[in-house]
Amino acid sequence: MSVATQNKLLSFAEARQVAEKHALTLAPTQPEFINLLDAVGLVLAENLCADRDFPPFPRATRDGFAVCAADVQSVPVRLKNVGSIKAGATLKDSGVTLSTGECVEIMTGAPVPAGADAVVMVEYTESTGNQVTVIRSVFPSENVVARGAEARRGEVMIQRGTRVHHAVVAVAAAVGRPEIAVHRRPRVSVLATGDELVDINLPPERNEIRNSNSYSLAAQIYEAGGEAIIMPVARDQADELALLAGKALDSDLLLLTGGVSIGKYDLVEEVLASLGAEFFFTGVAIQPGKPAVFGQITHDGKTTPFFGLPGNPVSTMVTFRLFVRPVLGALAGASPEPLPFAQARLREPFSTKTGLTRFLPAKLGGTNADPHVELVGWQGSGDLMAASKANCYIVVPPDRDKFEKDEAISVLLF
Ligand code: AMP
Ligand code: MG
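Residues numbered from 1 in each chain as written. Chains lettered and ligands numbered in written order. Predicted model: local features only at pLDDT ≥ 70, side-chain atom pairs only at ≥ 80, totals over all residues. Heavy atoms only, no water.

**Q** Which residues make up the overall build of the chain, and what are the values?
**A** In terms of helices and strands, the chain carries 8 helices and 30 strands. Radius of gyration (C-alpha) of the chain: 29 Å, far over the 22 Å computed for a compact globule of 414 residues. For the chain, the C-alpha atoms occupy an extent of roughly 90 × 55 × 40 Å along the three principal directions. Relative to its full complement of 414 residues, the chain shows a buried share of 48%. Summed over its atoms, the accessible surface of the chain is roughly 20,000 Å², and 53% of this surface lies on carbon and sulfur atoms. (Helix = DSSP H or I, 4+ residues; strand = E, 2+ residues; numbered from the N terminus. Rg over C-alpha atoms; globule rule 2.2 N^0.38 Å. Buried < 20%, exposed > 50% of the residue type's maximum accessible area, 1.4 Å probe, protein only. Areas by Shrake-Rupley, 256 points an atom, 1.4 Å probe, with all protein chains shown as cover.)

**Q** Outline the environment of N312, supporting the account with residue identities and numerical values.
**A** By secondary structure assignment, the location of N312 is in the loop between strand 23 (302–309) and helix 7 (313–331). In the structure, N312 is positioned 23 residues away from G289 in sequence and 8.2 Å away in space, judged by C-alpha atoms. If we ignore the near neighbours within four places in the chain, the residues touching N312 are S381 and G382. (Contact = heavy atoms within 4.5 Å.)

**Q** Outline the sheet that holds strand 18 (residues 253–257), listing residues and values.
**A** Taken together, 6 strands build an open sheet; the order of strands is 17-14-18-23-22-19 and the sheet is mixed. At either end of the open sheet lies a strand with only one pairing partner, and these are strand 17 (227–230) and strand 19 (278–281). Put simply, the sheet's adjacent strands are angled 25 degrees from each other on average, direction ignored. Where strand 22 (residues 293–299) and strand 23 come together, 7 bridges link them in antiparallel fashion. Residue pairing across strands places H299 opposite K302, the latter belonging to strand 23. (Pairing = 2+ DSSP bridges. Axes fitted to C-alpha atoms, helices over the stretch in contact; angles between N-to-C directions.)

**Q** Lay out the nonpolar core in plain terms, naming residues and giving numbers.
**A** Among the nonpolar cores identified, the biggest contains 38 residues, and L253, L255, F307, L322, F323 and F359 are the most heavily contacted of them. Listed by contribution, the elements that provide at least two residues to this core are helix 1 (12–24), strand 14 (187–192), helix 4 (213–223), strand 18, strand 19, strand 23, helix 7 and strand 28 (392–396). Ranked by residues supplied to this core, first place goes to helix 7 with 11 residues. Of all hydrophobic cores here, the second largest spans 21 residues; its members include A245, V268, V271 and F279. (Core = buried A, V, L, I, M, F, W, Y, C linked by side-chain atoms within 4.5 Å.)

**Q** Explain the packing of helix 1 against helix 7 residue by residue, including any values.
**A** Interaxial distance between helix 1 and helix 7 falls to 8 Å at its minimum, and their mutual angle equals 10 degrees. For the element pair helix 1 / helix 7, the angle class is roughly parallel. Across from F12, A15, R16, A19, E20 and A23 in helix 1, the residues of helix 7 making contact are R321, L322, F323, P326, V327 and A330. (Parallel < 35°, antiparallel > 145°, perpendicular 65-115°, else oblique.)

**Q** Account for the sheet that holds strand 7 (residues 102–106), with residues named and values stated.
**A** If you trace the 6 strands from one edge of the open sheet to the other, you get 8-5-7-6-10-9, paired in mixed fashion. Two strands in the sheet have a free side with no partner beyond their single neighbour: strand 8 (118–121) and strand 9 (125–128). Geometrically, the sheet is characterised by an average inter-axis angle of 40 degrees between neighbouring strands, direction not taken into account. Of the pairings in the sheet, the one linking strand 6 (residues 77–85) to strand 7 comprises 4 bridges and is parallel in character. Directly across from I85, in strand 7, lies its bridge partner I106.

**Q** Just give me the short version of the pattern of salt bridges, but keep the residues and values in it.
**A** Applying the stated rule across the entire model yields 12 salt bridges. Between D370 and R345 there is a salt bridge, with the nearest N and O atoms lying 2.8 Å from each other. Here the residue D370 occupies a position in the loop between strand 26 (357–366) and strand 27 (371–375), and R345 occupies one in strand 24 (residues 341–346), the gap between them amounting to 25 residues. A relative accessible area of 28% means that D370 is categorised as partly exposed. For R345, a relative accessible area of 25% puts it in the partly exposed group. Of the charged contacts in the structure, one is a salt bridge between R345 and D406, with a shortest N-O distance of 2.6 Å. Linking R345 in strand 24 with D406 in the loop between strand 29 (402–403) and strand 30 (408–413), this pair joins segments that are 61 residues apart in sequence. Judged by its relative accessible area of 41%, D406 is partly exposed. Taken together, the salt bridges that share partners define one network made up of D53, R147 and R152. (Salt bridge = Lys/Arg side-chain N within 4 Å of Asp/Glu carboxyl O.)

**Q** Explain unusual backbone geometry to me, using residue names and the numbers behind them.
**A** Across the junction of F54 and P55, the peptide omega takes the value -10 degrees, indicating a cis bond. By secondary structure assignment, the location of P55 is in the loop between strand 3 (48–49) and strand 4 (59–60). The step from V75 to P76 runs through a cis peptide bond, and the omega angle for that step is 0 degrees. Position of P76 relative to the elements: it lies in the loop between strand 5 (64–67) and strand 6. The backbone of S141 shows a phi angle near 80 degrees, a positive value even though the residue is not glycine.

**Q** So, the environment of A69: which residues are in play, and what are the values?
**A** Within the secondary structure, A69 is located in the loop between strand 5 and strand 6. Along the chain, A69 and M231 lie 162 residues apart, while their C-alpha atoms are 69 Å from each other. Setting aside its immediate chain neighbours within four residues, A69 contacts D117, A118, V138, F139 and P140.

**Q** With reference to specific residues and values, describe the site of ligand 1.
**A** E196, N211, N213, G259 and G311 are the nearest of the 17 residues found near ligand 1. Here a nitrogen atom of ligand 1 and a backbone polar atom of S212 are 3.2 Å apart. For ligand 1, an oxygen atom lies 2.9 Å from a polar atom in the backbone of G311. Here ligand 1, which alone exposes 480 Å², has 78% of that area covered by the protein. (Near = heavy atom within 4 Å. Polar contact = N/O pair within 3.5 Å; in protein donor to acceptor, adjacent residues only side chain to side chain.)

If you want it as structure tokens, here you go:
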């Protein structure tokens, strides 16, 4: 049983806020320059700036005819085609300046020539020889993006603190940056506890199970921009646990799994307290994941945040997503990233009990017009299969116990 800790059982919203607020106090890891594609999932440590105007010339956004909008206000109207400009043509070698009554064939991505201020889509024209009949009018600037409209040279296009995803990669590529500055992956020690655990490359005895949590956590850590250091499994013995936890304090974050419930061999809180831990919470009114603890330990002048996550595999995953992720994100340099909630139509009714905010593994599907969600059947928070079939959690508030088919329900995306 835990000794030195007062009981700090928080609601989901309170616990999330504690994690988010603490995250704001954490200093991110050092920046380093790395190859653009190695930066995916990491966090920008510099602003990405436009090295020139975007677009660098007035750009046609449709295939059609560049015109002077004033010429096509009453339609149909016949114009003279004086040339053709494809993407990649220079304004000079297109050589064209439009005069009243003229148009020029133009392709998507090509520079709009002087004298033209709009593009009529090819669908709204009929051509015979060099005569083009325009059958639909355009307003000035229609189907043209003005030079510098997306960004002016020197302007910040992507702020530091942004997580690098494919669209950020596109911007970096567009401004000519094969290497970018990102924060190095925070080092996260993963310490699984439990006498029943064996590592995944050893054959388990009948009474043993494989340590899957260290690996699911390592995967979640990697996805969140961290580097996992998987430690040897700690037996349910205070001195062994203290030794291993103590060793992990030189990392940026310490995650323990198992041993945080109120069972006789749940020693994690007690051991962390003996190492001088300060606890921010020692339980959250959620299911799965109620026993989760969060705090920090200061040792030799260095303060290391830690989480003790419950050992049930789905509890470990859920509590990582809800509470560890914002802290790890901050260490990785990320600006606050709110949880991605959405609403979907419930396909099947279900009932549960009031009192806890529940995060139930579920599958979101359907169409854009009718997103729907259903629970994946599960055997409780130890059910790995259920978790692996899910792509979201249905979120049940603590005051609800019955849900009808077709009602709108909140989901948390993975
Ligand atoms: P505990 O939180 O230590 O009470 O463990 C709760 C349940 O999760 C028990 O059934 C454990 O066997 C299981 N469990 C604990 N740690 C792990 C782990 N690292 N990998 C897989 N299952 C675990
Ligand atoms: Mg245990």
